[in-house]
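A look at the structure
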Amino acid sequence: MRLFATNIYEARRKHLAANIKSGLILIMGNGESAMNYTDNVYPFRQNSNFLYYFGINAPELNALIDADSGEAVIYGHELTMDDIIWVGEVEKLSALAAKVGVSKVKDPASLKEDINKALTAGRLLHYLPTYRIEHHGVLKGLDPQLSPSASLITSVVAQRSVKEAVEIEEMTKAVEITRNMHLQAMKTTKSGKFEYEVVAEILRQCKSEHAGLSYGIIFSVNGQVLHNHHHENLMESGRMIINDSGAENDMCYAGDITRSFPVSGKFTAKQKDIYQIVLEMEKTGINMVEPGIRYIDVHKAVNKLMLTRFKEMGLVQGDVDAMLEQGVSGLFMPHGLGHMIGLDVHDMEDLGESYVGYEYGQQRSDKLGLKSLRLARKLQPGFTLTVEPGIYFIPQLIEKYKSEGKFADFVNYDALTSYYDFGGIRVEDNVLITEEGRQVLGTYIPKEIEEIEAIMA
Ligand SMILES: [Mn+2]
């Protein structure tokens, strides 16, 4: 099990304890999760907050940090003979705990005793929002008045949002593996193959670099379906492919990259037109992100650029700012421009999207497109995020708006009918905000039309 240096975890917990000041901080790990019966489990994924403060990537662990004293305790079973027979003699929990700077390991049964003792003494218990059944098990039987701690959520979000140098290193590794997955997909896509045949190549590449997936692979000729995890389509010349896939490296940091390319390996004139707009939107977004800018303003600028280009093509007409204001761009890009990324592909989403992506008091829009914007806040050095504009032609949505007379003054619905079999295009990179501006993580992943055509030839 690879871990950061001991002082990394010690410093993170010390920083958190100082922020919270008093009481107990409970960090709950994940357990095994049954798939079809108890002993046949989904691949284990540790809770990201536990990974961040305690590093140990193993199931059935919980931990307490005493905010007053700074002391930390890990609660978990030591190996039994049964474990050794079935799982093998893995490193002792106490040895792993020592590597992350924790000298006290206690039996799981004493966790509730220790918490209840503190509560009885009038101390506060801080814990984070739960999303797994085993977390409810940890809290069961404690004071039912307890609720997740807002001060703990905001402290963890503030801390995890600014990536340390060692984290940037791991995220770069995840993007490098992801890059190879994408190159492999471009090289192996051919008309007459099924999508799952290329998905197999992506997975092979990922596994061969000792990585897993940071989310389910989206690889589809139906890119207009945003989270499409079906891979059964036959790939035919004339269709576009969206490949949105990313590796989670052995330290559980995520890559999240999208590339779009034609099944045939050669863009048609129509595909080129739309692709160039998406690429221009992506480069514009990347060039705009820097400390102090609000990501919602980057989202809006990129959407304005799309509408400007669509107006030149005759797909929309009228005042671009008025269209932007009314949400016309959401018809073609119903999702937000990007999100934070780190240990989670949508970083810290378990803590609440608004805590991560919005400033206190910043309102979320209810307009199509903007309502799905996960990140709207002012950017800071050390943030890592995705920039991922797209253009999609969703026939059902276009037909619905048309029949309702929505945006009738702006949208040239007749011109859109020839795009009903187009699919969608998205281009996505992972970006670090630096003091000076920004840095795209990892080695450049080809995205110019000529570069993609050369790889696929
Ligand atoms: Mn993404």
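Scroll up to find the structure this text is about.
Quick look at the structure, then. Keep in mind that this is a model prediction, so the values were computed, not measured.

Here we come to the overall build of the protein. Broken down by element type, the protein carries 16 helices and 17 strands. For the protein, the spread of C-alpha atoms along the principal axes amounts to about 70 × 50 × 45 Å. Every one of the 457 residues in the protein was classed for burial, and the buried ones make up 52%. Long-range contacts, defined as pairs at least 24 residues apart, comprise 73% of the intrachain contacts of the protein with a sequence gap of at least 6. Approximately 19800 Å² of the protein is accessible, and the part contributed by carbon and sulfur atoms is 52%.

Time to look at the sheet that holds strand β1 (residues 24-28). In space, the five strands of this open sheet follow the order β6-β5-β4-β1-β7, with mixed pairing throughout. A strand with exactly one partner marks an edge of an open sheet, and here the two such strands are β6 (104-106) and β7 (125-127). Across the sheet, the mean angle from the axis of one strand to that of its neighbour is 25°, orientation sign disregarded. Where strand β4 (residues 62-66) meets strand β5 (residues 72-75), four bridges bridge the pair, whose relative direction is antiparallel.

It is worth spelling out the coordination of the manganese ion at this point. Surrounding the manganese ion are the protein donor atoms Asp256 (OD), His339 (NE2), Glu388 (OE) and Glu428 (OE), which sit 2.1 to 2.4 Å from the metal. For the manganese ion, the single-chain donor residues occur in sequence as D-x82-H-x48-E-x39-E. Here Asp256, found in the loop between β11 (247-248) and β12 (257-262), pairs with Glu428, found in the loop between β15 (424-426) and β16 (429-433); they are 172 residues apart in sequence, far enough to count as distant. Using a relative accessible area of 4% as the deciding quantity, one classes Asp256 as buried.

In this section: the pattern of salt bridges. Within the structure shown, the criterion is met by 32 salt bridges. Note that Glu170 is salt-bridged to Arg2, the shortest N-O span being 2.7 Å. In this pair, Glu170 sits in helix α8 (residues 165-188) while Arg2 sits in the segment before α1 (6-20), placing the two residues 168 residues apart along the sequence. Shared partners join several salt bridges into a network, and the residues in it are Arg2, Glu170, Lys173 and Asp250.

In any sheet, the strands associate via hydrogen bonds between backbone groups, in a parallel or an antiparallel arrangement. If you walk across this open sheet you meet the three strands as β13-β16-β17, and the pairing is antiparallel. Two strands lie at the open edges of the sheet, namely β13 (384-387) and β17 (438-440), each paired on one side alone. For this sheet, the mean inter-axis angle between neighbouring strands, taken without regard to orientation, is 35°. Looking at chain direction, β16 and β17 are connected through three bridges and run antiparallel.

Look at Lys21: it is not a glycine, yet its phi comes out positive at around 75°. In this structure, Lys21 sits in the loop between α1 and β1. Unusually for a residue other than glycine, Met348 sits at a positive phi of about 65°. With respect to the helices and strands, Met348 occurs in the loop between α12 (320-326) and α13 (353-357).

Here we come to the pairing of β13. Alternating residues of β13 divide into Thr384 and Thr386 and Leu385 and Val387, and every residue in both groups is buried. In terms of strand pairing, β13 meets β16 through four bridges, oriented antiparallel. Residue pairing across strands places Thr384 opposite Leu432, the latter belonging to β16.

Our next topic: the environment of Thr258. Mapped onto the elements of the fold, Thr258 is located in strand β12. Separated by 40 residues in sequence, Thr258 and Ile218 have C-alpha atoms that sit 9.0 Å apart. Non-local contacts of Thr258, meaning those with residues more than four positions away in its chain, are made with His182, Ile242, Asn243, Asp244, Arg426, Val427 and Glu428. Polar contacts involving the side chain of Thr258 include one to the side chain of Asp244, which spans 3.3 Å. Of note is the side chain of Thr258, whose polar atom sits 2.6 Å from the side chain of Glu428.

Turning next to the packing of helix α10 (residues 269-288) against helix α16 (residues 449-456). Running from amino to carboxyl end, α10 crosses α16 at an angle of 120°, the nearest separation of the two axes being 11 Å. Here α10 lies oblique to α16, going by the angle between them. Touching Lys272, Tyr275 and Gln276 of α10 are Ile449, Ile452 and Glu453, all from α16. Residues belonging to the contact of α10 with α16 are distributed by class as follows: three nonpolar, one polar and two charged.

Now for a nonpolar patch on the surface. Together, Met81, Ile85, Trp86, Val87 and Val90 make up a nonpolar patch on the protein surface, roughly 630 Å² of accessible area in all. On the secondary structure map, Ile85 appears in helix α3 (residues 81-86).

Our focus in this paragraph is the environment of Leu93. In this structure, Leu93 sits in helix α4 (residues 93-99). For the pair Leu93 and Ala58, spaced 35 residues apart in sequence, the C-alpha to C-alpha distance is 9.4 Å. When neighbours within four sequence positions are excluded, Leu93 is seen to be in contact with Ile56, Leu61, Ile74, Gly76, His77, Glu78 and Val105.

Procedures and definitions
Residues numbered from 1 in each chain as written. Predicted model: local features only at pLDDT ≥ 70, side-chain atom pairs only at ≥ 80, totals over all residues. Heavy atoms only, no water. Helix = DSSP H or I, 4+ residues; strand = E, 2+ residues; numbered from the N terminus. Buried < 20%, exposed > 50% of the residue type's maximum accessible area, 1.4 Å probe, protein only. Contact = heavy atoms within 4.5 Å. Areas by Shrake-Rupley, 256 points an atom, 1.4 Å probe, with all protein chains shown as cover. Pairing = 2+ DSSP bridges. Axes fitted to C-alpha atoms, helices over the stretch in contact; angles between N-to-C directions. Donors = N, O, S within 2.8 Å, 3.2 Å for Na, K, Ca; no water. Salt bridge = Lys/Arg side-chain N within 4 Å of Asp/Glu carboxyl O. Polar contact = N/O pair within 3.5 Å; in protein donor to acceptor, adjacent residues only side chain to side chain. Parallel < 35°, antiparallel > 145°, perpendicular 65-115°, else oblique. Nonpolar A, V, L, I, M, F, W, Y, C, P; charged D, E, K, R; others polar. Patch = residues over 30% accessible without salt bridge, like charges linked within 9 Å, V, L, I, M, F, W, Y side chains within 5 Å.

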